[in-house]
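What follows is the residue order along each chain.
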Amino acid sequence: MGRFLDLTLAGLTTGAVYAAVALALVLIWRSTRIVNFAQGGMLMVTTFLAHTVAGSGGSYWLALLVAVLSGLVLGAVVERVLMRPVERRPPLDAVVVTFGLLVLLQGVAGMVFGGTPRSYPPAFDITGFRVAGHQLLFSPNDLWVVLVVLGVMAVLAFVFRRTSLGLRMRSAAFAPEVARLLGVRVGRMLTVGWALAAVVGAVAGVLIAPATFVSPTAFDATLVFGFTAAVIGGLDSPPGAVVGGVLLGAVLSYVSGYLGPDVVTSAALVVLIFVLMVRPNGLFGRGAERRV
């Protein structure tokens, strides 16, 4: 029973990180109908910048702030400089651009920061809680990770449902022509969407960095599992991204604990195929209506 509880809590922690990455992907998909395969590279760059601040004597919180601000700027620049020119071109062009950006960011990071993996300091103690004489693998830092992701989800829900900015962003995403007629600056809203997504990705990078090493390719698996979580939950659904991330994290934790880490990737593929067979649009996705 103790092992099952440890695996469940471990899955909750990693699933929260996958959920954050999935949220970033969903934000961009909802606003532009583009899957940002460069998300892993973008959060890698912001995490490297945060690591540089922490390694130079700065506090964890200052490093987190640097990651958030750099993500905000990076997301806006990517949308303005790289994605805006292909906005009205076939979707495959945008996909190619994001793949190219991923390769570019990894190459530049390798030249600037080097390829040696670096450790990242956690926010809190990584020693597990002790409950009824049992030493859990779930630590104060893991609790911090889960609470931050829940907080990010709550803030995004408030912004999109309760503020005029959220209303304008939704209108720019779902009815850009009508939004322009009503005075909404659609281009600016797309830039804001990319910036917010990059901020969420930057937070995810800092959260997962203590559990792994920071290197140019360290977050490739995180992007893959985050994308899987987004598809499982539904690319149109922010709550689905969170549920998909937690569900995937739990399943992979059980598989790794009981069957071994070598089959984790295969298990993620099996879960993805099963969900798409049952719900092609994801657990919380909505089917598109088509008139004939």
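This is a predicted model, so every value here is computed, not measured.

Turning our eyes to something else, we now look at the overall build of the protein. Scanning the protein for helices and strands turns up eleven helices and two strands. Order of helices (α) and strands (β) in the protein, N terminus to C terminus: α-α-α-α-β-β-α-α-α-α-α-α-α. Over its C-alpha atoms the protein spans a radius of gyration of 19 Å, differing by no more than 12% from the 19 Å that the globule rule assigns to 292 residues. Once the C-alpha set of the protein is aligned to its principal axes, its extents read approximately 65 × 50 × 35 Å. With 292 residues in all, the protein has 48% of them scored as buried. Here the analysis covers contacts within the protein between residues at least 6 apart in sequence; of these, 74% occur between residues at least 24 apart. Here the protein displays about 14600 Å² of accessible surface, and carbon together with sulfur accounts for 69% of that area. In the protein, 20 side chains carry a positive charge and 11 a negative one; their mean positions are 11 Å apart.

All right, on to a positive patch on the surface then. A cluster of basic residues, Arg80, Arg168, Arg185 and Arg188, forms a positive patch on the protein surface. Its place among the elements puts Arg185 in the loop between helix H7 (176-181) and helix H8 (186-208).

Moving on: the packing of helix H3 (residues 60-83) against H8. Packing of H3 against H8 brings their axes to within 7 Å, and their N-to-C directions diverge by 145°. Helix-helix and strand crossings are classified by hand; for H3 and H8 the assignment is right-handed. Judged by residue contacts, Tyr60, Leu64, Ala67, Val68, Gly71, Leu72, Gly75, Ala76, Val78, Glu79, Arg80 and Met83 of H3 engage Gly187, Arg188, Leu190, Thr191, Trp194, Ala195, Ala198, Val199, Ala202, Val203, Val206 and Leu207 from H8. Of the residues in the contact of H3 with H8, the class split is 17 nonpolar, four polar and three charged.

This paragraph deals with the packing of aromatic side chains. Aromatic ring pairs are defined here through the distance separating the ring centres and the angle between the ring planes. Under the defined criterion, the tally for this structure stands at ten aromatic pairs. On the basis of an interplanar angle of 90° and a centroid distance of 5.2 Å, the ring pair of Trp61 and Trp144 is categorised as edge-to-face. Highlighted residues: Trp61 in helix H3 and Trp144 in helix H5 (residues 140-162), separated in sequence by 83 residues. The exposure class assigned to Trp61 is partly exposed, which follows from its relative accessible area of 41%. Chaining the aromatic ring pairs together yields one cluster made of Tyr60, Trp61, Tyr120, Phe124 and Trp144. One residue, Arg3, lies across the ring of Tyr258, its end atom 5.7 Å from the ring centre.

Moving on, we come to the pattern of salt bridges. Considering all chains together, one arrives at two salt bridges under this definition. A salt bridge links Arg84 to Glu79, with the shortest nitrogen-to-oxygen separation between them at 3.0 Å.

This next bit is on a nonpolar patch on the surface. Judged by side-chain polarity, Leu62, Leu65, Leu69, Leu72, Val73, Val77, Val81 and Leu82 come together as a nonpolar surface patch covering roughly 670 Å² of accessible area. On the secondary structure map, Val81 appears in helix H3.

Attention now goes to the environment of Ser56. Checked against the element boundaries, Ser56 lands in the loop between helix H2 (39-55) and H3. On the basis of relative accessible area, Ser56 is assigned to the exposed category, the value being 62%. A sequence separation of 99 residues divides Ser56 from Val155, and the C-alpha atoms of the two residues are 31 Å apart. A polar contact of 2.7 Å, which involves the side chain of Ser56, links it to the backbone oxygen of Thr52.

So, about H5. The first and last C-alpha atoms of H5 sit 32 Å apart over 23 residues, in line with the 33 Å expected at 1.5 Å per residue. Taken together, the buried positions of H5 are Asn141, Asp142, Trp144, Val145, Val146, Val148, Val149, Leu156, Val159 and Phe160. Buried positions along H5 lie against helix H1 (2-32), H3, helix H6 (164-174) and H8.

Looking at the secondary structure, you find Thr47 in helix H2. Residue classification places Thr47 among the buried residues on the basis of a relative accessible area of 0%. Residues contacting Thr47, with those up to four places away along its chain left out, are Tyr120, Gly205, Val206, Ala209, Val214 and Phe219.

Counting 87 residues, the largest nonpolar core has Tyr120, Trp144, Leu207, Leu248 and Leu252 as its most contacted members. No other element matches the 14 residues that H1 contributes to this core.

The rules behind each value
- Residues numbered from 1 in each chain as written.
- Predicted model: local features only at pLDDT ≥ 70, side-chain atom pairs only at ≥ 80, totals over all residues.
- Heavy atoms only, no water.
- Helix = DSSP H or I, 4+ residues; strand = E, 2+ residues; numbered from the N terminus.
- Rg over C-alpha atoms; globule rule 2.2 N^0.38 Å.
- Buried < 20%, exposed > 50% of the residue type's maximum accessible area, 1.4 Å probe, protein only.
- Contact = heavy atoms within 4.5 Å.
- Areas by Shrake-Rupley, 256 points an atom, 1.4 Å probe, with all protein chains shown as cover.
- Lys, Arg positive; Asp, Glu negative; His and termini not counted.
- Charge placed at Lys NZ, Arg CZ, Asp CG, Glu CD.
- Patch = residues over 30% accessible without salt bridge, like charges linked within 9 Å, V, L, I, M, F, W, Y side chains within 5 Å.
- Salt bridge = Lys/Arg side-chain N within 4 Å of Asp/Glu carboxyl O.
- Axes fitted to C-alpha atoms, helices over the stretch in contact; angles between N-to-C directions.
- Left-handed = near helix turned anticlockwise from the far one by under 90°.
- Nonpolar A, V, L, I, M, F, W, Y, C, P; charged D, E, K, R; others polar.
- Phe/Tyr/Trp six-rings, centres within 6.5 Å; stacked < 30°, edge-to-face > 60°.
- Lys NZ or Arg CZ within 6 Å of the ring centre and 35° of its normal.
- Polar contact = N/O pair within 3.5 Å; in protein donor to acceptor, adjacent residues only side chain to side chain.
- Expected span 1.5 Å × (residues − 1).
- Core = buried A, V, L, I, M, F, W, Y, C linked by side-chain atoms within 4.5 Å.

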